[in-house]
Amino acid sequence: TSNVPTSPSGPTGSLRLTADQIAGTWSLASIQPAGQKAQAVPAGAIYTLTLADGRISTRVDCNMCSGTFTLSGETLNVAELMACTRAACPTREFESAYMPILVGASTVVQSGTTLVLTSSRGVLTFTR
């Protein structure tokens, strides 16, 4: 019999993230649209990302959006068609920068309590 680890946390380690590792709710710390400076979440606004069982939901200040995602290796792909409430939040400008970065394929890196999504559209940094 061979000594092949059956767990990704085995001695060989793994760069492949699992949906379980990134599952749960993350709070948005900052956005950095491509070619621009990073922007912190506006004071008093709540932006969260919740991942579970192939479903994604995000609180975008006073709105909620939901949809589906897939995770393949280090690539998180958020489906283009997200259903969102359409209230006029005070942080509408920030929201309109955040959503286009979130949707689509991103490289995902989880390190401890930080989750970073990077794509040609920009960088999103979440914490929990």
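Parameters at a glance
Residues numbered from 1 in each chain as written. Predicted model: local features only at pLDDT ≥ 70, side-chain atom pairs only at ≥ 80, totals over all residues. Heavy atoms only, no water. Helix = DSSP H or I, 4+ residues; strand = E, 2+ residues; numbered from the N terminus. Buried < 20%, exposed > 50% of the residue type's maximum accessible area, 1.4 Å probe, protein only. Contact = heavy atoms within 4.5 Å. Core = buried A, V, L, I, M, F, W, Y, C linked by side-chain atoms within 4.5 Å. Disulfide = S-S within 2.5 Å. 1 Å grid on protein atoms, 1.4 Å probe; cavity = no way out; pocket = protein on both sides within 12 Å on 5 of 7 lines; lining within 4 Å. Points joined across faces, edges and corners; volume = space filled by probe spheres on them. Nonpolar A, V, L, I, M, F, W, Y, C, P; charged D, E, K, R; others polar.

Across its full length, the chain holds two helices and ten strands. Put simply, the chain runs from its N terminus to its C terminus through helices and strands in the order α-β-β-β-β-β-β-β-α-β-β-β. For the chain, the residues scored as buried account for 35% of the 128 residues in total. Residue pairs in contact within the chain that sit at least 24 positions apart in sequence constitute 49% of those at least 6 positions apart.

The subject of this paragraph is the environment of I22. Here I22 lies in helix α1 (residues 19-22). You can call I22 buried: its relative accessible area is 0%. Residues I22 and T114, 92 residues apart in the sequence, show an inter-C-alpha distance of 9.8 Å. Apart from the residues within four sequence positions on either side, I22 is in contact with L17, L51, L71, L76, Q110, L115 and R128.

Membership of the largest hydrophobic core comes to 28 residues, with the highest contact counts inside it found for L28, L49, Y98, L102, L124 and F126. Those elements giving two or more residues to this core turn out to be β1 (24-33), β3 (47-52), β4 (55-60), β5 (63-72), β6 (75-78), α2 (92-102), β9 (114-119) and β10 (122-127). The dominant element in this core, judged by the number of residues it contributes, is α2, at five residues. Filtering out sequence-adjacent residues up to four positions away, L124 remains in contact with L28, S30, I31, Y98, I101, L102, L115, V116 and L117.

All right, on to the state of the cysteines then. Using the criterion set out here, one finds two disulfides in the structure. In this model C62 forms its disulfide with C89; the gap between the sulfur atoms is 2.1 Å. An S-S torsion of about -105° defines the bridge between C62 and C89 as left-handed. Of the two residues, C62 is situated in the loop between β4 and β5 and C89 in the loop between β7 (83-84) and α2; the sequence distance between them amounts to 27 residues. A relative accessible area of 39% places C62 in the partly exposed class. Given a relative accessible area of 3%, C89 falls into the buried group. With its sulfur 2.1 Å from that of its partner, C65 forms a disulfide with C84. Disulfide C65-C84: torsion about the S-S bond near 115°, hence right-handed. With a gap of 19 residues between them, C65 in strand β5 and C84 in strand β7 connect regions that are remote in the sequence.

We now examine the layout of surface pockets. The volume enclosed by the largest pocket comes to roughly 200 Å³. In terms of lining residues, the largest pocket is bounded by 14 residues, among which C65, C84, R86, E95 and M99 are the most central. Put simply, the parts of the chain that give the lining of the largest pocket at least two residues each are β5 and α2. Ranked by the residues each element gives to the lining of the largest pocket, the list is headed by α2, at five residues. Considering only residue class, the lining of the largest pocket consists of eight nonpolar, three polar and three charged.

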